[in-house]
Amino acid sequence: MDESVPPGDQPADHDDGPEVTATLDGDVSRVTVTGELTEAARRPLVRAVTDQMLSVPTLGRLEIDLAGVTFMNSAGMAVLVQLQRMTSPRAVTVALVSPPVAVARPLQLTGLWRRFEVVEDGAGPADGGGSPPSGAQTRRPDGPGGRSA
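Here's what I pulled together on the structure shown here. None of the values given here were measured: they were computed from a predicted structure. (Residues numbered from 1 in each chain as written. Predicted model: local features only at pLDDT ≥ 70, side-chain atom pairs only at ≥ 80, totals over all residues. Heavy atoms only, no water.)

Applying the stated criterion across every chain, the model contains 5 salt bridges. Among the ionic pairs, Glu63 bridges to Arg61, the shortest N-O distance being 2.9 Å. Residues joined in a network through salt bridges with shared partners are Arg30, Arg61, Glu63, Asp65 and Glu117. (Salt bridge = Lys/Arg side-chain N within 4 Å of Asp/Glu carboxyl O.)

Okay, here's the thing in C-alpha cells:
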C-alpha cells in the first residue's frame, strides 16, 4: 500500500506545461516560451504578461520569444491572440521573436501571421542552423498591423 501514488502526483510530474520566463528592459518585456504552446501555456503566459503590464505602466513592447517552442496547436494560437488583445488597449506592440516552423506554419495557414510583428533574433545560432520559416520577415510597427503608410 505504501507503493501507491496519490492521483494528483503523477500528472504534475508529466503535464508541467511549457517553461515561461519573463524579463524587462525598460519599457520592453521579453517573454520566452520553451516546450509546447498549448492550452497548458495559457495560464503561465497570461500571468507573466499581466505581471509585466502591472510592473511597467509605460510598457510599449512585448516580445514573445518562441525559438524553443516544439509544438503549437489551435489553443496555442488562441493564447497568442489573447495576449495581443490584452495588450492592445494600452497600445503595446506584440512581436513574435524567432518563431520556428511549428509556430509559423499554423499562423500562416490561418491568416493570423499578419496580425503580429515577426522578427528574427539575430543574437546568434538560436535556430540551430535550420532555415527560417517560410515567409518569415522582419516587419516594423509603422502603422496598424505593422503595415507601412
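Before going further, it helps to spend a moment on the sheet that holds strand E2 (residues 28–37). Strands sit in the order E1-E2-E3-E4-E5 across an open sheet of 5 strands; the sheet is mixed. Each edge of the open sheet is held by one strand with a lone partner, namely strand E1 (19–25) and strand E5 (117–119). Ignoring strand direction, the axes of neighbouring strands in this sheet form an average angle of 25°. Relative to E5, strand E4 (residues 93–97) runs parallel, the two sharing 3 bridges. Pairing of Ala95 across the sheet is with Glu117, part of E5. Running over the sheet, helix H2 (residues 42–55) touches E1, E2 and strand E3 (61–72) and is turned about 15° from E1. Where helix H3 (residues 74–87) meets the sheet, it contacts E2, E3 and E4, and its direction lies at approximately 175° from that of E3. (Pairing = 2+ DSSP bridges. Helix = DSSP H or I, 4+ residues; strand = E, 2+ residues; numbered from the N terminus. Axes fitted to C-alpha atoms, helices over the stretch in contact; angles between N-to-C directions. Contact = heavy atoms within 4.5 Å.)

Moving on: helix H4 (residues 101–110). By the burial criterion, the buried members of H4 are Val103, Ala104 and Leu107. An end-on view of H4 places all buried positions within 90° of arc, on one side of the element. Two residues or fewer after H4 comes Gly111, characterised by a positive phi angle close to 85°. (Buried < 20%, exposed > 50% of the residue type's maximum accessible area, 1.4 Å probe, protein only. Arc of directions from axis to C-beta.)

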